[in-house]
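Summary of the model geometry
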Amino acid sequence: MNVANQLTNDYSTVTSLVFYEIYFKENESEAVGGILKHNRSITSLHLGYTNFGDEGVRVIGEALMENNTLTSLDIYGNNITSRGMRVIGNVLKHNQCLKRLELSENPIGDEGIEIIRDGLKENTSLTSLSLTYNDFGQKGGEAIGS
């Protein structure tokens, strides 16, 4: 039985899953999405520098629409653009379990910040958001401040 299958069974007690500097191929992000859709014990997922990009965020976003246990998500340093932020903005509007979101070191730009701001307007659970070293300017700064 592979690790992904093991983590999706009802008896998994794993609460934190860390993939750091493991470069995922496109189809491999599907396995992580499957884990999030079915696992009810993982509360923390770290995907720093995994090369997920916008497509990987799409997969994670779909899973988070069904997941009600993940409270912390780190997706820093994954080359996520404003396209990926559209998915995150949608997650923020609908997922009310996520408390911590780490988006640092992604080129999300001003448009991405505006999307995050709009998602936060409908979110009541997020208490920590990190946006350090992202590629946004004054317009993005003003958007997040409004």
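Just above, that's the structure.
Right, let's walk through the structure included here. Residue numbers restart at each chain and count upward from 1, following the sequence in its written direction. Where totals are concerned, whole chains, interfaces and linings use all residues; where local detail is concerned, this predicted model gives features only for residues with pLDDT of at least 70, and gives and counts side-chain atom pairs only at 80 or more. For side-chain calculations, the full set of non-hydrogen atoms in the structure is used, while hydrogens and water are omitted.

**Overview of the sheet that holds strand E2 (residues 44–46)**
Strand order in the open sheet made by the five strands is E1-E2-E3-E4-E5, with parallel pairing throughout. Two strands bound the open sheet, and with one partner strand each, they are strand E1 (16–18) and strand E5 (128–130). Across the sheet, the mean angle from the axis of one strand to that of its neighbour is 0 degrees, orientation sign disregarded. Two strands pair if DSSP finds at least two bridges between them. A run of H or I in DSSP counts as a helix once it spans at least four residues, and a run of E counts as a strand once it spans at least two, with each numbered from the N terminus. Taken together, the three bridges between strand E4 (residues 100–102) and E5 define a ladder with parallel strand orientation. Residue Arg-100 lies in a different strand from E5, and its bridge partner there is Ser-128. Note on geometry: axes are lines fitted to C-alpha atoms, helical ones only across the stretch in contact, with angles between N-to-C directions running from 0 to 180 degrees.

**Details of the packing of helix H4 (residues 82–94) against helix H5 (residues 109–120)**
As a packed pair, H4 and H5 sit with axes 8 Å apart at the nearest point and diverge in direction by 5 degrees. As judged from the angle between their axes, H4 and H5 are roughly parallel. Between H4 and H5, the residues in contact are Ser-82, Met-85, Arg-86, Ile-88, Gly-89, Leu-92 and Lys-93 and Glu-111, Gly-112, Ile-115, Ile-116, Asp-118, Gly-119 and Leu-120, respectively. Amino acid classes used here: Ala, Val, Leu, Ile, Met, Phe, Trp, Tyr, Cys and Pro are nonpolar; Asp, Glu, Lys and Arg are charged; the rest, including Gly, are polar. Residues of the contact of H4 with H5, tallied by class, amount to six nonpolar, four polar and four charged. The scheme is simple: roughly parallel for angles under 35 degrees, roughly antiparallel for over 145, roughly perpendicular for 65 to 115, oblique for anything else. Note on contacts: a residue pair qualifies if any of its non-hydrogen atoms lie within 4.5 Å across the two residues.

**Digging into the side chain of Ser-41**
Within the secondary structure, Ser-41 is located in the loop between helix H2 (26–38) and E2. Here the side chain of Ser-41 touches Val-14 through a polar contact of 2.6 Å, landing on its backbone oxygen. Beyond its immediate stretch of four places on either side in the chain, Ser-41 contacts Ser-12, Thr-13, Val-14 and Thr-15. We call two N or O atoms a polar contact when they sit within 3.5 Å, provided that within protein one can donate a hydrogen and the other can accept it, with sequence-adjacent residues counted only if both atoms are side-chain atoms.

**What to know about the pattern of salt bridges**
Should a side-chain nitrogen of Lys or Arg be within 4 Å of a carboxyl oxygen of Asp or Glu, the pair is scored as a salt bridge. By the definition in use, this model includes eight salt bridges. For Arg-100, the salt bridge goes to Asp-74, with nearest N and O atoms at 2.3 Å. Of the two residues, Arg-100 is situated in strand E4 and Asp-74 in strand E3 (residues 72–74); the sequence distance between them amounts to 26 residues. For Asp-118, the salt bridge is made with Lys-121, and the minimal N-O distance between the two is 3.9 Å.

**Things to note about unusual backbone geometry**
Of note, Tyr-49 is a non-glycine position whose phi angle comes to about 55 degrees, a positive value. Note that Tyr-49 resides in the loop between E2 and helix H3 (53–64). Unlike most non-glycine residues, Glu-105 shows phi in positive territory, near 60 degrees. Position of Glu-105 among the secondary structure elements: in the loop between E4 and H5.

**Quick look at the environment of Leu-131**
Considering the arrangement of structural elements, one finds Leu-131 in the loop between E5 and helix H6 (138–145). Accessibility expressed as a relative area gives 15% for Leu-131, which makes it buried. Sequence-wise, Leu-131 and Leu-101 are 30 residues apart; in three dimensions their C-alpha atoms are separated by 9.0 Å. For every residue, the accessible area obtained with a 1.4 Å probe (protein chains only) is divided by the maximum for its type, and the residue is called buried under 20%, exposed over 50%, and partly exposed between those limits.

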